[in-house]
Amino acid sequence: MSTADAIRNFLAPLLPFDYEWQFGAWTDTSGAKVKRFAVLKPVGGAPAELVRRPQFTLTLVGRGGGDHVAVGEHAETCVQAMRAASGSTVFLQPSEPIFIPTADGRPMHEIAISAITT
């Protein structure tokens, strides 16, 4: 299992069922700002050695029209879970969530994640 799969498997049960998981880039598949998205993107890391340190970002994208509070709470839930446990990886260290509004008024929270795996 890849580190990205392990992170997704760890975090997916923490988010409401209506999040659509995507990898690498966010693509709005709803077209009407009615879906939420969780996007996991690899962003590099230290050279691959015996102990690996891959880095990712998790972006939570809310629905249009006032979903800001709920998405912020979902981001905080993910941060707290990663601080308490790491699922099947050795270690997960999240950053503080960053709020980024989209051009079409949707709330977006991005969390940097540093992992340690073997």
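Owing to the predicted nature of the structure, the values given are computational and were not obtained by experimental measurement.

All right, on to the side chain of R36 then. Here R36 shows up in strand β2 (residues 36-45). Separated by 3.4 Å, the side chains of R36 and D18 make a polar contact. The residues contacting R36, other than those within four sequence positions of it, are P16, D18, Y19, E20, V61, G62, R63, D67, A70 and H74.

This next bit is on the pairing of β2. Relative to β2, strand β1 (residues 19-23) runs parallel, the two being bridged by five bridges. For F23, the partnering residue across the bridge sits in β2 and is L40. Across eight bridges, the pairing between β2 and strand β3 (residues 54-61) is antiparallel. Looking at β3, one finds that L40 is bridged to L58.

Attention shifts here to helix α1 (residues 3-11). Every buried residue of α1 is accounted for by T3, A4, A6, I7, F10 and L11. Around the axis of α1, the buried residues are gathered within 160 degrees of arc, so they sit on the same side. In this fold, the buried residues of α1 make contact with β1, β2, β3, α2 (68-84), β4 (91-94) and β6 (108-116).

This paragraph deals with the pairing of β4. Every other side chain in a regular strand lies on the same face of the sheet, so the side chains alternate between the two faces. Because side chains alternate across β4, one face comprises the buried residues L92 and P94, and the other comprises F91 and Q93, none of which is buried. Pairing between β4 and β6: four bridges, direction antiparallel. Residue pairing across strands places F91 opposite I116, the latter belonging to β6.

A separate point is the environment of R63. By the element assignment, R63 lies in the loop between β3 and α2. With relative accessibility at 28%, the residue R63 sits in the partly exposed group. Residues within four places of R63 in sequence aside, it is in contact with D18, K33, V34, K35, R36, R106 and P107.

A positive phi is found at K33, a non-glycine position, where the angle reads about 60 degrees. Position of K33 among the secondary structure elements: in the loop between β1 and β2. Exposure remark for K33: the relative accessible area of 32% places this residue in the partly exposed category.

A full pass over the atoms with the stated rule returns one aromatic pair. Consider the rings of W26 and F37, whose centres lie 6.0 Å apart with planes at 55 degrees: the pair is tilted. With a gap of eleven residues between them, W26 in the loop between β1 and β2 and F37 in strand β2 connect regions that are remote in the sequence. Given the relative accessible area of 0%, F37 is considered buried.

Thresholds applied
- Residues numbered from 1 in each chain as written.
- Predicted model: local features only at pLDDT ≥ 70, side-chain atom pairs only at ≥ 80, totals over all residues.
- Heavy atoms only, no water.
- Helix = DSSP H or I, 4+ residues; strand = E, 2+ residues; numbered from the N terminus.
- Polar contact = N/O pair within 3.5 Å; in protein donor to acceptor, adjacent residues only side chain to side chain.
- Contact = heavy atoms within 4.5 Å.
- Pairing = 2+ DSSP bridges.
- Buried < 20%, exposed > 50% of the residue type's maximum accessible area, 1.4 Å probe, protein only.
- Arc of directions from axis to C-beta.
- Phe/Tyr/Trp six-rings, centres within 6.5 Å; stacked < 30°, edge-to-face > 60°.

In short, the description is geometric, and any link to function would need to be established separately.
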